[in-house]
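These are the residues of each chain, in order.
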Amino acid sequence: MRRTVYLFCLLLLCGCAKYVGDIDVIEELKHPTKFPDIYQPEVLNVGELVAENKLKEGEKVRLVSLGETKYTSIQMMLVRNGVTVPPHLHKDHDVVMHVKKGGAIVILNGTRYYVQEGQLILVPRKTWHEIENTGKEVFVVVNVFYPPYRGEDIKFFKTKKKKKKEQRKELE
């Protein structure tokens, strides 16, 4: 085994072999004055984060950034009961949503799903989605975005609101 490693190292030094690996790492090593991105490992307690970031009076939705790496970003979203996050999509981001508290109706490309604590929602890029908190408590979901989310690619679906007169006629 040692002979193989020594032989490979010798071939690398002579230029007879080529390393094929992570291109980003190779590029960072080629530029010694450019420091690589450094991200520290971290363990987060979502229960504590929910307690620290409660919705304020009159606040409907709150987004809390929990962290970021070179390839992903993580946000916690709190949605007050009775509130709907309007239909939207992300052109360039996949989202994995982990329901931490409560229950809600999630609509993905027109299909309705009831989700509750412990479930995962997989939302590929360009998927229309919305969240209706129909429960009696705050709905809490942890979103993992790939690549890191900057808020630049969100596109909202325009819905037509019925006029009040039309709504009243329907109720009669």
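Okay, so let's go over this structure. Model, not experiment: these values are computed from the prediction. (Residues numbered from 1 in each chain as written. Predicted model: local features only at pLDDT ≥ 70, side-chain atom pairs only at ≥ 80, totals over all residues. Heavy atoms only, no water.)

### Some thoughts on the pairing of strand S4 (residues 94-101)
At step 1: Alignment of S4 against strand S9 (residues 139-146), held across seven bridges, turns out to be antiparallel. Bridging across to S9, Val 95 finds its partner in Phe 145.
At step 2: Where S4 and strand S7 (residues 120-123) come together, four bridges link them in antiparallel fashion. Following the sheet pairing, Val 96 is matched in S7 by Leu 122. (Pairing = 2+ DSSP bridges. Helix = DSSP H or I, 4+ residues; strand = E, 2+ residues; numbered from the N terminus.)

### A few points about the sheet that holds S7
At step 1: The strand order across the open sheet formed by five strands is S1-S2-S9-S4-S7, and the pairing between neighbours is antiparallel. Of all strands in the sheet, those with a lone pairing partner are strand S1 (61-68) and S7, marking the two edges. Strand after strand, the sheet turns through a mean of 20 degrees between neighbouring axes, direction not considered. (Axes fitted to C-alpha atoms, helices over the stretch in contact; angles between N-to-C directions.)

### Considering the layout of surface pockets
In this approach, a probe sized like a water molecule rolls over the atoms, and the result shows the empty space that is left.
At step 1: The space that makes up the largest pocket amounts to roughly 260 Å³.
At step 2: Elements represented by at least two residues in the lining of the largest pocket include exactly S1, strand S2 (73-79), strand S3 (84-90), S4, strand S8 (129-132), S9 and strand S10 (154-156).
At step 3: Looking at which element gives the most residues to the lining of the largest pocket, the answer is S3, with five residues.
At step 4: Space inside the second largest pocket adds up to approximately 150 Å³.
At step 5: Considering the residues around the second largest pocket, the lining is formed by Tyr 39, Gln 40, Pro 41, Glu 42, Leu 44, Leu 66, Gly 67, Glu 68, Thr 69, Thr 72 and Ile 74. (1 Å grid on protein atoms, 1.4 Å probe; cavity = no way out; pocket = protein on both sides within 12 Å on 5 of 7 lines; lining within 4 Å. Points joined across faces, edges and corners; volume = space filled by probe spheres on them.)

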